[in-house]
Amino acid sequence: MFRRFLRRDERLDEGVRKTRSSFFGRLAALLPRSEITDDLWGELEETLIAADVGVDTTERLLERLRARHAAGEFGTGKELSRGLQEELAGLLRPPDGREPLLPSDLTVVLTVGVNGVGKTTTVAKLGHHWSRSGRRVLLAAGDTFRAAGTEQLAIWADRVGLPCVAAQRGGDPGAIVFDAIAAARARGFDVVVVDTAGRLHTKTNLMEELRKIRRIVDRQGVVGRVILVLDAATGQNAVVQARSFASAIGTDAIVVTKLDGTARGGMVFSVVRELGAPVCFVGTGEKVGDLAEFDSEAFVAALFALEAPDDLPGN
Amino acid sequence: MFDALSDKLQRVFDQLGRKGKLNEQDVDRALREVRLALLEADVNFRVVRSFLDKVRGRAVGVEVLQSLTPTQQVVKIVHEELMALLGEAGRLATAPSPPTAIMLLGLQGSGKTTTAAKLALHLRKQGQRPLLVAADPYRPAAVTQLEMLGRQLDIPVFARPGVAPAALCRDAVAEARSAGQTHVIFDTAGRLHIDEQLMAEVAEIRQRTNPSEILLVADAMTGQDAVKVAEEFQQRVGITGLVLTKLDGDARGGAALSMRDVTGVPIKLIGVGERPDALELFHPDRLTSRILGMGDVLSLIERAQESIDEERAAELQRKLRSARFDLEDFLDQMRQVKRMGPLTQIMQMIPGLSRAMRDTDQSAADQSLKRMEAVILSMTPEERHHPEIIGGSRRRRIARGSGSSVADVNQLLNQFRQALQMMKAMAGGKVPKHMARLFQ
Ligand SMILES: Nc1nc2c(ncn2[C@@H]2O[C@H](COP(=O)(O)OP(=O)(O)OP(=O)(O)O)[C@@H](O)[C@H]2O)c(=O)[nH]1
Ligand SMILES: Nc1nc2c(ncn2[C@@H]2O[C@H](COP(=O)(O)OP(=O)(O)OP(=O)(O)O)[C@@H](O)[C@H]2O)c(=O)[nH]1
Ligand SMILES: [Mg+2]
Ligand SMILES: [Mg+2]
């Protein structure tokens, strides 16, 4: 749905291919040739758990597969594999008729998430990406708390050639957003990407600060969007994070970062289900180009390319 | 931090407790619940499997089946095995001759730079003279970040733009030696455990400087992948300890168990906030107590001593030990808690509270705390000192006076009783006995 704003980026494919060849998937190897046995169901469960899909979601998935199997849908492991992939991809497919992430009007994108997940880097990547697809992008350094949080974004802005609104450390992030919106209006920018300080979702005062920022955006009469950034290596806490951020300021889309590591980010199945918000991009590295449009099929395929949990010979 | 896990275990043992004697099926059913809880807490599935095998091996059979208090036995075994898995509290090693080099490494964003500053402050508080070393030439403003933290804490920072990390770290050691610094702390760049080049880089730093401590800094929110990460860092570089960061959140922190299990190295420090003083030594006993829902009275007292006046803390401690802890103290404690820092972090340490707050979000938790305060404030001094006199009509009066319901008053009294019970047990220092009482 966001596709029309984007050019196809090759990087996720590359990343996925790398994963496939470097880690010979246990499941991929196992499923096509195997009968559907109790052991196979056990392996399936284990593989999903190992990818951080979570106990609940895993059980729900397997239940549905079992029902389909009981109805005679799967004769072989291969068919079962395809069934599982369909179910998984289905969970990530956003419902139709959602509003576009970036309408053509002036849009303020707030980038939020817990500490260290990759917000600042993602702001630079998104800004760069949107500016290359023809939008007039302004960055806003809303992290006035962390040491050199502002400097970090300023360096990125400089590297990708985008303007950046910033203030002193300790300054009020709401005021920066306010200034950024005014600057965008005055100078004709149509996208403002706002970096915010990392905050644990359990810190009431910091979540309140986000609400305040959101109110400022809303009062300006511009389109406000919230992107939640999740680290692929995060386990089940991601679900709690997502719920908290969504209930505090709403969440329109999710970015999963650090998918270039070995964590597969399986917790997003629960997150997407919980929020009803789609994953829009993934981060696949530390460079500004290491951003890819989310592709649920590729993502699910990468899950199946998991490294063998018990190091199979021949990997 | 292990809130939900403790709740799960408690519920399991509540069930077992009511049934009296255990049979093999009961143990299996309990362990299935424990398995789910551990998996939900992000303990790696392989670690869970071996943990359960150990517990089961001990639980089924003589010890439990012939025991008079089976619940007590199962709790004890789970407790002991968790303790064993978490291992001893690790202490920081010191080089035979100064400076002692400490290298921090880990994945991107895990908290290395912040931990470097925290560790430097921690060492200086102990009378040491640390030097911070900015060995991350890659991340934008990484050096600036460390320099700002150094300036803020008045701790020197060694930075040489353009010098490769291994050479830079070696130079820093030489500089520290001639300047009479006792410790050098290398803040290395975040790196993926599968990044050949960057893994070789830290291996080279190690080779050139031979650090006394090589600490893997890991995020407490990490999922199943923790095992892989820890294994790789252990194999490729060799680590001497773990630092678990961001434990001030509500992550259940199962990664701690996983990483500890696969590397065999101790957890040395934990990060409990973004500020430079939010670093604590790791206490396996406390963590285990939390896992089992004991609350963390000892940590609370220690923190209290730092942030509120010592006299009151000592009195609180005395009261806890003698179990003369009344609603007045409960109220006082709640108020001090408010001043001590982020609410969740503190609430987890108060027995009874962490459980009570399970399903509420943070603003609701705040509301709830306010309501509890209001309820206590509507009581007479006598009622506060002797809560047992609060019968039905007094409850109705208190509810009216505090603008709450009788259910709220009941709830508060229950919470208080629960806290009191746990505190008595803590003061007695006999965990299993207390657990048995709670679960029967
Ligand atoms: N490998 C990899 N590293 C990433 C990715 N995205 C970000 N990083 C790295 O993760 C670390 C943290 O990134 P930041 O962008 O500073 O994270 P943040 O969420 O802004 O952090 P705080 O503002 O401190 O909460 C940096 O070292 C980034 O280079 C990614 O997709 N892959
Ligand atoms: N709440 C909380 N935040 C922490 C803790 N430790 C670190 N952080 C935050 O986590 C984020 C990342 O910390 P850094 O110290 O920059 O992480 P890093 O490992 O040096 O990151 P890279 O150098 O990019 O790999 C920052 O926002 C820190 O403030 C902690 O114990 N609790
Ligand atoms: Mg940032
Ligand atoms: Mg750093």
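Residue indices begin from 1 for each chain and proceed along its sequence in written order. Naming scheme: in the order in which they are written, chains are lettered from A and ligands are numbered from 1. For a predicted model such as this one, the threshold for reporting local features is a pLDDT of at least 70, and the threshold for listing and counting side-chain atom pairs is 80 or more; totals across whole chains, interfaces and linings nevertheless cover every residue.

1. Considering the interface of chain B and chain A
Step number 1: Every contact between the two is made by 38 residues of chain B and, on the other side, 36 residues of chain A.
Step number 2: At the level of elements, α2 (24-40), α7 (142-153), α16 (343-347) and α18 (362-377) of chain B are the ones that each hand at least two residues to the side of chain B that touches chain A.
Step number 3: Under the scheme used here, helices are H or I runs from DSSP no shorter than 4 residues and strands are E runs no shorter than 2 residues, and both carry numbers assigned from the N terminus. For the side of chain B that touches chain A, the element with the most residues is α7(B), which contributes four residues.
Step number 4: The residue makeup of the side of chain B that touches chain A, split by class, is 14 nonpolar, 13 polar and 11 charged. Here contacts are defined at the residue level, using C-beta atoms placed from the backbone and a cut-off of 7 Å between them. Classification used: nonpolar for Ala, Val, Leu, Ile, Met, Phe, Trp, Tyr, Cys and Pro, charged for Asp, Glu, Lys and Arg, polar for all others including Gly.

2. What about the domain arrangement of chain A?
How big an interface is tends to be reported as the loss of accessible area on association of its parts.
Residues and elements named next belong to chain A.
Step number 1: For each domain, the first and last residues come from an automatic or database assignment. The domain boundaries assigned to chain A delineate domain 1 (10-95) and domain 2 (107-295).
Step number 2: For domain 1 versus domain 2, the separation of C-alpha centres amounts to 31 Å.
Step number 3: With 14 residues of domain 1 in contact, the opposing surface of domain 2 contributes 21 residues.
Step number 4: Mapped onto the side of domain 1 that touches domain 2, the elements with two or more residues apiece are α1 (11-22), α4 (55-70) and α5 (77-92).
Step number 5: When grouped by side-chain class, the residues that make up the side of domain 1 that touches domain 2 number eight nonpolar, three polar and three charged.

3. Comments concerning the sheet that holds strand β2 (residues 137-142) of chain A
All names here are of chain A.
Step number 1: A pair of strands counts as paired when DSSP detects no fewer than two bridges linking them. With mixed pairing, the eight strands of this open sheet are ordered in space as β3-β2-β4-β1-β5-β6-β7-β8. Since the sheet does not close on itself, it has two edges, and those belong to β3 (164-165) and β8 (291-293), each with one partner.
Step number 2: In this sheet, strand β5 (residues 223-231) lies alongside strand β1 (residues 107-112) in parallel orientation, the contact comprising six bridges. By the bridge assignment for β5, L110 is matched with V226.
Step number 3: Orientation is described by lines fitted to C-alpha atoms, with helices fitted over the stretch in contact, and by angles between N-to-C directions that extend from 0 to 180 degrees. Against the sheet, helix α7 (residues 149-160) contacts β2, β3 and β4 (191-196), and its axis sits at roughly 165° relative to β2.
Step number 4: Taken strand by strand, helix α11 (residues 268-275) contacts β5, β6 (253-257) and β7 (279-283), and its axis lies near 170° from that of β6.

4. Description of the site of ligand 1
Step number 1: Being near a molecule or strand means, for a residue, that its C-beta atom, positioned from the backbone, comes within 6 Å of it. Around ligand 1 lies a shell of 26 residues, among which G118(A), T121(A), G198(A), G283(A) and Q108(B) are the nearest.
Step number 2: Considering each element in turn, the shell around ligand 1 owes the most residues, three residues, to helix α6 (residues 119-132) of chain A.
Step number 3: Per-class residue counts for the shell around ligand 1 are three nonpolar, 15 polar and eight charged.

5. A look at the pairing of β4(A)
Residues and elements named next belong to chain A.
Step number 1: Around each residue's C-beta, the other C-beta atoms within 10 Å are counted; 20 or more make the residue buried, 12 or fewer make it exposed, and counts in between make it partly exposed. All C-beta atoms are placed from the backbone. Burial runs high along β4: six of the six residues are buried.
Step number 2: What you see with β4 is no split at all: V191, V193 and D195 on one side and V192, V194 and T196 on the other are buried throughout.
Step number 3: One ladder, built from five bridges, connects β1 with β4; its direction is parallel. Bridging across to β4, L110 finds its partner in V194.
Step number 4: As paired strands, β2 and β4 are joined by six bridges and run parallel to one another.

6. Examining the packing of helix α8 (residues 173-187) of chain A against helix α9 (residues 204-219) of chain A
Residues and elements named next belong to chain A.
Step number 1: At a minimum axis separation of 9 Å, α8 and α9 run at an interaxial angle of 20°. Accordingly, the angle class assigned to the pair α8 and α9 is roughly parallel. The chirality of how α8 crosses α9 is right-handed. Along the contact surface, α8 presents P173, G174, V177 and F178, while α9 presents E209, K212, I213, I216 and V217.
Step number 2: Across the contact of α8 with α9, the residue classes tally to six nonpolar, one polar and two charged. Note on angle classes: values under 35 degrees are labelled roughly parallel, values over 145 roughly antiparallel, values of 65 to 115 roughly perpendicular, and the remainder oblique. Left-handed describes a crossing whose near helix is turned anticlockwise from the far helix by less than a right angle; the clockwise case is right-handed.

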